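Tertiary structure, described
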Amino acid sequence: MFLKTLSVVKIKNVLLVTVPDDPSDKMVYELQEQVLRSLEKHRSTGVILDISLVNVMDSFFARTIAETTQMVSLMSGMTVVAGMQPNVAITATELGLTLGTAFSALDVDQAFEILNKALS
Amino acid sequence: MNYSNSNYITVFEQWEDQKKFFCFTEKDAENLQKLHTISAQSCDEVVESLYDHLLQFEDVRIFLSNPEMIKRLKESQKQYFLEMTAGDYGEAYYEKRINIGITHKRLGIPPRLYMGAYSYYVQLMLPKIYNHVDFDQKQAQELFLTFFKIINLDQELAISAYVHAVESVVMQQAEEIIAMSTPIMQIWDGIVVAPVIGTLDGQRTQQFMEQLLNQIVETKSTIALIDITGVPQIDTATAQHLIDTINAVRLLGSNVIITGIRPIIAQTLVHLGINLKEIITKPSMGAGLKVALDMLSIKTS
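Notes on the structure in this doc start here.

Rules used in this analysis
Residues numbered from 1 in each chain as written. Chains lettered and ligands numbered in written order. Predicted model: local features only at pLDDT ≥ 70, side-chain atom pairs only at ≥ 80, totals over all residues. Heavy atoms only, no water. Helix = DSSP H or I, 4+ residues; strand = E, 2+ residues; numbered from the N terminus. Rg over C-alpha atoms; globule rule 2.2 N^0.38 Å. Buried < 20%, exposed > 50% of the residue type's maximum accessible area, 1.4 Å probe, protein only. Contact = heavy atoms within 4.5 Å. Areas by Shrake-Rupley, 256 points an atom, 1.4 Å probe, with all protein chains shown as cover. Buried area = accessible area lost by both parts, 1.4 Å probe. Salt bridge = Lys/Arg side-chain N within 4 Å of Asp/Glu carboxyl O. Nonpolar A, V, L, I, M, F, W, Y, C, P; charged D, E, K, R; others polar. 1 Å grid on protein atoms, 1.4 Å probe; cavity = no way out; pocket = protein on both sides within 12 Å on 5 of 7 lines; lining within 4 Å. Points joined across faces, edges and corners; volume = space filled by probe spheres on them. Axes fitted to C-alpha atoms, helices over the stretch in contact; angles between N-to-C directions. Parallel < 35°, antiparallel > 145°, perpendicular 65-115°, else oblique. Left-handed = near helix turned anticlockwise from the far one by under 90°. Core = buried A, V, L, I, M, F, W, Y, C linked by side-chain atoms within 4.5 Å. Pairing = 2+ DSSP bridges.

**Comments concerning the overall build of chain A**
- If you tally the helices and strands in chain A, you get four helices and five strands.
- The N-to-C order of helical and strand elements in chain A reads β-β-α-β-α-β-α-β-α.
- In terms of overall dimensions, chain A is globule-like: its C-alpha atoms have a radius of gyration of 13 Å, near the 14 Å expected for 120 residues.
- Considering only C-alpha atoms, chain A reaches an extent of 35 × 30 × 25 Å along its principal axes.
- Taking all 120 residues of chain A together, the buried fraction comes to 49%.
- Pairs at least 24 apart in sequence give 71% of the contacts found in chain A among residues at least 6 apart.
- When the accessible area of chain A is evaluated, it comes to approximately 6,200 Å², of which 54% is carbon and sulfur surface.

Here it is in structure tokens:
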């Protein structure tokens, strides 16, 4: 039903990363590694993190996303976080978690639009 | 019945303690039974006299205008009076007294009227106890004290039930107000409007935030207009709640425009040192809508 593993797919010049529903700390760390390696390999200019399946977000996950965004930006890429669930957003605000400089989008479609606008 | 959600009512679990609190003992229960003969003999007279007394007053006559109703009330009043000396002060007694308070509230009878009735009972019973041939001075005093205790207990139950009834109405209205005051609607493809009416406290913010975020996701709206024309006054707590809401909306990937900033609100925000710099603010909903349409590159002619 739900994904148990991370998927990083290259679409044109964008990396689409789909995060499983309840990512472990190990997987979150792996996410950063894989994204950066794929970015280097494919010379992508944009990264979309699809977190629409995630229903629990902890501070480690939030911090890793913020850090990864910074790293991607150092490698001249742009990151968009897509599809956060409303209850995750509420909890995140209550805990004071932010995604740093990452852009956010309602879904993957809109994430592509944001990237297209910014990169064209 | 379960009254555990109330802060004011004496719940049945507290009833035994309440009796102790009023120094009402087994001895008192026995004493009251001794008075039962007097009560039984004089209940007609007492109730008639009570109603004659009550009906002297203009405002009482407004409540008790229907002769049928008076007849019914007198009957239940007799019952009530007899139960006070019946010797059983368990759950049935408790329930009945609680219901009296609730019924009086429902009929709109102010508490002072039935509090007056209790006082009148005491006045009528005093000579009957003291002048009774069976009791000497000391016994009469003890019996009267007992009667006084049960009157006090009854009053307490009736009043706390009354307050409970008022409280439930207030609570119900508060819930309705909350539900009514946060309508969220989509006014354009990609734009939702959320007018805030009244002050935002913790509980309302939670509900408002939930509804707004769900609506944004459901309609895939990239812009949310939060209109605060209906917010009478803003304080640091309200502002913080507003900022929390905005942050949550941004995490989803939508933008927020705050509209309806009145002069008084602008003044307070600046005086309180609340920073809304990164948020687009507009004085009117119209102006906010225009910005939203521009952002979505929607042309209006």
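Here the narrative resumes, following the displayed structure.
**Here's the deal with the interface of chain A and chain B**
- Contact with chain A, which involves 15 residues of that partner, is made by 18 residues of chain B.
- Of the roughly 1,300 Å² buried between chain A and chain B, counting both surfaces, carbon and sulfur atoms make up 65%.
- When residues of chain A are sorted by the area they lose upon contact with chain B, Ile90(A), Thr93(A) and Leu106(A) head the list and together hold 42% of the total.
- At the junction of chain A with chain B, the criterion picks out one salt bridge.
- Where the side of chain A that touches chain B is concerned, the elements lending two or more residues are helix H3 (86–95) and strand E5 (103–105) of chain A.
- Partitioned by chemical class, the residues of the side of chain A that touches chain B number nine nonpolar, four polar and two charged.

**Examining the layout of surface pockets**
- Of the voids in this model, the largest pocket is the one considered here, and its volume is about 940 Å³.
- What lines the largest pocket is a set of 30 residues, among which Ser104(A), Ile114(A), Gly253(B), Ser254(B) and Asn255(B) lie closest to the centre.
- Ranked by residue count, the leading element in the lining of the largest pocket is helix H4 (residues 108–119) of chain A, at four residues.
- Taken together, the residues of the lining of the largest pocket sort by class into ten nonpolar, 14 polar and six charged.
- The volume enclosed by the second largest pocket comes to roughly 580 Å³.

**So, the packing of helix H9 (residues 202–219) of chain B against helix H10 (residues 236–252) of chain B**
Residues and elements named next belong to chain B.
- Relative orientation of the contacting elements H9 and H10 amounts to 20°, with a least axis distance of 10 Å. Classified by the interaxial angle, the pair formed by H9 and H10 is roughly parallel. Crossing of H9 over H10 shows right-handed handedness. Across the interface between the two elements, Gly202, Thr205, Phe208, Met209, Leu212, Leu213, Ile216 and Val217 from H9 touch His241, Asp244, Thr245, Ala248, Val249 and Leu252 from H10.
- Grouping the constituent residues of the contact of H9 with H10 by class yields nine nonpolar, four polar and one charged.

**Quick word on the nonpolar core**
- Membership of the largest hydrophobic core comes to 60 residues, with the highest contact counts inside it found for Met57(A), Met84(A), Leu212(B), Ile226(B), Ile228(B) and Ile258(B).
- Broken down by element, the residue count for this core peaks at eight residues, all from H10(B).
- Counting residues in each nonpolar core, the second largest holds 49 residues, with Leu32(B), Cys43(B), Phe81(B) and Leu157(B) among its members.

**So, the sheet that holds strand E4 (residues 78–82) of chain A**
All names here are of chain A.
- Pairing within the open sheet is mixed, and its five strands lie in the order E1-E2-E3-E4-E5. Both edges of this open sheet fall to strand E1 (7–11) and E5, since each of them pairs with a single strand only. Each strand of the sheet is rotated relative to its neighbour by a mean of 25°, with strand direction disregarded.
- Of the strand pairs in this sheet, strand E3 (residues 46–50) and E4 are connected by five bridges, and their pairing is parallel. When the bridges of E4 are listed, Leu49 appears paired with Val81.
- Set on the sheet, helix H2 (residues 59–74) makes contact with E3 and E4; between it and E4 the angle comes to about 150°.

**With respect to the pattern of salt bridges**
Residue and element names in this part refer to chain B.
- Tallying each qualifying case throughout the model produces 14 salt bridges over all chains.
- Linking Arg61 and Glu58 is a salt bridge whose minimum nitrogen-to-oxygen distance equals 3.3 Å. Here Arg61 pairs with Glu58, and both are found in helix H4 (residues 58–63), just three residues apart, close to one helical turn.
- Taken together, the shared-partner salt bridges connect Glu83, Lys96, Arg97 and Asp154 into one network.

**Here's the deal with the environment of Gly77(A)**
Residue and element names in this part refer to chain A.
- Position of Gly77 relative to the elements: it lies in the loop between H2 and E4.
- Residues Gly77 and Gly46, spaced 31 residues apart in sequence, show a C-alpha to C-alpha distance of 5.2 Å.
- Excluding anything up to four places from it in sequence, Gly77 contacts Thr45 and Val72.

**Remarks on unusual backbone geometry**
- Although it is not a glycine, Lys12(A) adopts a positive phi angle of roughly 50°.
- Tracing the sequence through the fold places Lys12(A) in the loop between E1 and strand E2 (14–18).
- One non-glycine residue, Lys220(B), lies in the positive phi region at around 50°.
- Its place among the elements puts Lys220(B) in the loop between H9 and strand E3 (223–230).
- Residue class for Lys220(B) comes out partly exposed when judged on its relative accessible area of 44%.

**Quick look at the packing of helix H1 (residues 25–42) of chain A against H2(A)**
All names here are of chain A.
- Viewed as axis vectors pointing N to C, H1 and H2 meet at an angle of 10°, and their least axial separation amounts to 10 Å. Here H2 runs roughly parallel to H1, going by the angle between their axes. Residues Asp25, Val28, Gln32, Val35, Leu36 and Leu39 of H1 pack against Phe60, Phe61, Thr64, Glu67, Thr68, Met71 and Val72 of H2.
- Residues of the contact of H1 with H2, tallied by class, amount to eight nonpolar, three polar and two charged.

Note that every value here comes from positions in space, so none of it alone points to a role or purpose.
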